Amino acid sequence: QVQLVESGGGLVQPGGSLRLSCAASGSIFSIAAMGWYRQAPGKQRELVATITSGYITNYADSVKGRFTISRDNAKNTVYLQMNSLKPEDTAVYYCNADGVYYSGSYIPDEYDYWGQGTQVTVSS
């Protein structure tokens, strides 16, 4: 069993920056992939960025060049550095963990885990 806790959201002006963090807790050996998704009012949840345990990244076209995802495998923590923020980035941002390996297990957990969400509001 894994718990994900996000932090770092808040209110920022257009063009500003925020850094989100998500820490996974539990008897974790490793996590194959972690990522960030977001859901804006009246819209469905969408992928923002993902990163594998081997540090391979993938970004939505809408954030490419502005956002940077990173992770610290030793701490089971994923980060999202958000620069040049736009009003359309306003959403609840959710952390995701997929392919969790527990200590002493050769097979990953079958479930995706999600954080509670953190609000990011970009407004002047």
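Our structure's up above, just so we're on the same page.
These numbers were taken from a predicted model, which means no experiment stands behind them. (Residues numbered from 1 in each chain as written. Predicted model: local features only at pLDDT ≥ 70, side-chain atom pairs only at ≥ 80, totals over all residues. Heavy atoms only, no water.)

(A) Local environment of the sheet that holds strand S1 (residues 3–7). The strand order S1-S3-S8-S7 describes an open sheet built from four strands, whose pairing is antiparallel. The sheet is open, and its two borders are formed by S1 and strand S7 (67–72), each paired with just one other strand. Taken pair by pair, the neighbouring strands of this sheet meet at an average axis angle of 15°, ignoring direction. Relative to strand S8 (residues 77–82), S7 runs antiparallel, the two being bridged by six bridges. By the bridge assignment, phenylalanine 67 is partnered in S8 with methionine 82. (Pairing = 2+ DSSP bridges. Helix = DSSP H or I, 4+ residues; strand = E, 2+ residues; numbered from the N terminus. Axes fitted to C-alpha atoms, helices over the stretch in contact; angles between N-to-C directions.)

(B) Expanded view of the packing of aromatic side chains. Under the definition given, this model contains one aromatic pair. Where tyrosine 37 meets tryptophan 114, the ring centres are 5.0 Å apart and the plane angle is 70°; that geometry is what we call edge-to-face. Of this pair, tyrosine 37 sits in strand S4 (residues 28–39) while tryptophan 114 is found in strand S10 (residues 113–114), placing the two residues 77 residues apart along the sequence. Classification of tyrosine 37 by relative accessible area gives buried; the value is 19%. When the ring centre of tryptophan 114 is taken as reference, the NZ or CZ atom of arginine 45 above it lies at 3.9 Å. (Phe/Tyr/Trp six-rings, centres within 6.5 Å; stacked < 30°, edge-to-face > 60°. Buried < 20%, exposed > 50% of the residue type's maximum accessible area, 1.4 Å probe, protein only. Lys NZ or Arg CZ within 6 Å of the ring centre and 35° of its normal.)

(C) Here's a closer look at the nonpolar core. Counting 33 residues, the largest nonpolar core has Trp36, Leu80, Met82 and Tyr93 as the members making the most contacts within it. When residues no more than four places from it in sequence are discounted, the contact partners of methionine 82 are Gly16, Ser17, Leu18, Leu20, Arg66, Phe67, Tyr93 and Val120. (Core = buried A, V, L, I, M, F, W, Y, C linked by side-chain atoms within 4.5 Å. Contact = heavy atoms within 4.5 Å.)

(D) Main features of the state of the cysteines. Enumeration according to the criterion identifies one disulfide in this entry. A sulfur-sulfur separation of 2.1 Å characterises the disulfide bridge that pairs cysteine 22 with cysteine 95. In this structure the cystine formed by cysteine 22 and cysteine 95 twists about its S-S bond by roughly -85°; its chirality is therefore left-handed. In this pair, cysteine 22 is assigned in strand S3 (residues 18–25) and cysteine 95 in strand S9 (residues 91–102), connecting sequence segments 73 residues apart. For cysteine 95, a relative accessible area of 0% translates into the label buried. (Disulfide = S-S within 2.5 Å.)

(E) Here's a closer look at the pairing of S3. Of the two faces of S3, the one lined by Leu18, Leu20, Cys22 and Ala24 is fully buried and the one lined by Arg19, Ser21, Ala23 and Ser25 carries no buried residue. Both S1 and S3 contribute to a ladder of five bridges, which runs antiparallel. Bridged to glutamate 6 within S3 is cysteine 22. Of the strand pairs in this sheet, S3 and S8 are connected by six bridges, and their pairing is antiparallel. Note that in S8 the partner of arginine 19 across the bridge is glutamine 81.

Geometric values such as these leave the question of function open.
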